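As a plain string of letters, each chain reads:
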Amino acid sequence: MTALLSLVGVEKTYWLSSHQTISALGKTDLEIQDKEFIAIVGPSGCGKTTMLKLVSGLLKPTKGRIMVDGIPLQNSHRQLLGMVFQQPALLPWRNVFDNVLLPCEVKGQDLRKARARAEELLGLVGLKNFIYRNPRELSYGMQQRVSICRALISDPRILLMDEPFAALDAITRFELTRLLLEIWSVKKNTVLFVTHNIQEAVFLADRVVVMTPRPGRIASIIEVPLPRPRTEEHLYEQSFSSCAKTIHQLLGLNAL
């Protein structure tokens, strides 16, 4: 079976000057299946965000190739992608509803159908009563919910998430983690989720990709044994602790 997304011998080197380079991502091979939830963890500067940017087409690999459904990544594939950044990056002069609709306007999609999808998504994340508020009237966590809706409005086949909950307090972070699982259970997008939080990665993912320090390479890919749907009860199971401990050890951290 052809993987939905494949990285084949992908490397990325940045040129700092005419004589100086930095290798951000070492040779990387990875296959991701349709509707799979993949978390990527690793030390700062190991190329996690670079990998997402390569998959999104924002950057081009120095070596190797990226394939979507067995076809080399090209501009037309951007229609299949949605992206959530660490910062919500909402337009302050547009209300919640119009911020969510922005990708559809840019892509020239049917706005009548898009409005119905926007209402559905905002209801799903608990913002049905805030659709005409401006971003400044929302908490940071609510703004990030809007950014998730904006990424999903075009019904992307692949959702790229770059530490979207990193700046949130622990309680809000877990609320959004549970919410993301609920949305994924309905939408079944293929997700690449970058995080520094090992517990978050294990709770969310089907597989966890563990990266080495820069130049980042894949140290190991850990299968998460937890069944779905997942609840807080899974956080206290031995299989959860064992999986998290393995990832800690791979990263050279003190085990829990």
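You'll find the structure just up there.
Residues numbered from 1 in each chain as written. Predicted model: local features only at pLDDT ≥ 70, side-chain atom pairs only at ≥ 80, totals over all residues. Heavy atoms only, no water.

A. Main features of the overall build of the protein. Across its full length, the protein carries seven helices and ten strands. The C-alpha radius of gyration computed for the protein amounts to 18 Å, which stays within 12% of the reference 18 Å derived for 256 residues, consistent with globular compactness. Expressed as lengths along the three principal axes of its C-alpha atoms, the size of the protein is roughly 50 × 45 × 40 Å. Here the contacts in the protein between residues at least 6 apart in sequence split such that 69% fall between residues at least 24 apart. As presented, the protein carries roughly 12,500 Å² of accessible surface, and 51% of it is formed by carbon and sulfur atoms. The distance from the centre of the 31 positive side-chain charges to the centre of the 24 negative ones in the protein is 6 Å. (Helix = DSSP H or I, 4+ residues; strand = E, 2+ residues; numbered from the N terminus. Rg over C-alpha atoms; globule rule 2.2 N^0.38 Å. Contact = heavy atoms within 4.5 Å. Areas by Shrake-Rupley, 256 points an atom, 1.4 Å probe, with all protein chains shown as cover. Lys, Arg positive; Asp, Glu negative; His and termini not counted. Charge placed at Lys NZ, Arg CZ, Asp CG, Glu CD.)

B. Local environment of the nonpolar core. Within the largest apolar cluster, 52 residues are counted, with the highest numbers of intra-cluster contacts made by Phe37, Leu122, Met161, Phe193, Val202, Val208 and Ile247. When sequence neighbours within four positions are dropped, the list of residues in contact with Val202 reads Val208, Val224, Leu226, Arg230, Phe240, Cys243, Ala244 and Ile247. Judged by nonpolar contacts, the second largest core, of 24 residues, contains Leu7, Leu25, Ile40 and Met211. (Core = buried A, V, L, I, M, F, W, Y, C linked by side-chain atoms within 4.5 Å. Buried < 20%, exposed > 50% of the residue type's maximum accessible area, 1.4 Å probe, protein only.)

C. Examining the environment of Ser185 more closely. Among the structural elements, Ser185 can be located in helix H5 (residues 170–187). Separated by 43 residues in the primary sequence, Ser185 and Arg228 place their C-alpha atoms 9.0 Å from one another. A polar atom in the side chain of Ser185 sits 2.6 Å from the backbone oxygen of Glu182. (Polar contact = N/O pair within 3.5 Å; in protein donor to acceptor, adjacent residues only side chain to side chain.)

D. Representation of unusual backbone geometry. A cis geometry characterises the amide bond from Arg214 onward to Pro215, with omega recorded as -5°. On the secondary structure map, Pro215 appears in the loop between strand S9 (207–211) and strand S10 (218–223). Each neighbour pair has its own omega, and for Arg228 with Pro229 the value is 0°, a cis peptide bond. Its location among the elements puts Pro229 in the loop between S10 and helix H7 (238–250). Its identity is not glycine, yet Asp69 carries a phi of approximately 55°, on the positive side.

E. Seen up close, the pairing of strand S6 (residues 81–84). The alternating pattern of S6 places Leu81 and Met83 on one face and Gly82 and Val84 on the opposite face, and all of these are buried. Relative to strand S7 (residues 158–162), S6 runs parallel, the two sharing four bridges. Bridge assignment links Leu81 to a residue of S7, and that residue is Ile158. (Pairing = 2+ DSSP bridges.)

F. Up close: the packing of aromatic side chains. Overall, the coordinates contain five aromatic pairs when judged by the stated rule. A connected cluster of aromatic rings, assembled from ring pairs, spans Phe37, Phe165, Trp184 and Phe193. Positioned above the aromatic ring of Trp184 is the side chain of Lys188, whose terminal nitrogen or guanidinium carbon lies 4.2 Å from the ring centre. (Phe/Tyr/Trp six-rings, centres within 6.5 Å; stacked < 30°, edge-to-face > 60°. Lys NZ or Arg CZ within 6 Å of the ring centre and 35° of its normal.)

G. Highlighting the sheet that holds S10. With mixed pairing, six strands are arranged side by side in an open sheet as S6-S7-S8-S3-S9-S10. In this open sheet, the two strands that pair with only one neighbour each are S6 and S10. Strand after strand, the sheet turns through a mean of 15° between neighbouring axes, direction not considered. (Axes fitted to C-alpha atoms, helices over the stretch in contact; angles between N-to-C directions.)

H. A look at the sheet that holds strand S1 (residues 5–15). If you trace the four strands from one edge of the open sheet to the other, you get S2-S1-S4-S5, paired in antiparallel fashion. The open sheet is flanked by strand S2 (21–32) and strand S5 (71–72), the only strands paired with a single partner. Pairing of S1 with S2 involves eight bridges; the strand directions are antiparallel. Residue pairing for S2: Thr13 is matched across the bridge by Ser23. Here helix H1 (residues 48–56) sits on the sheet and contacts S1, S2 and strand S4 (63–68); the angle it forms with S1, its principal contact strand, is near 115°.

I. Representation of the state of the cysteines. In this structure the tally under the stated criterion is zero disulfides. Cys149 supplies the cysteine sulfur nearest to Cys104, a cysteine that is in no disulfide, at a spacing of 12 Å. For Cys104, a relative accessible area of 0% gives the class buried. Looking at Cys149, the relative accessible area reads 1%, which means it is buried. (Disulfide = S-S within 2.5 Å.)

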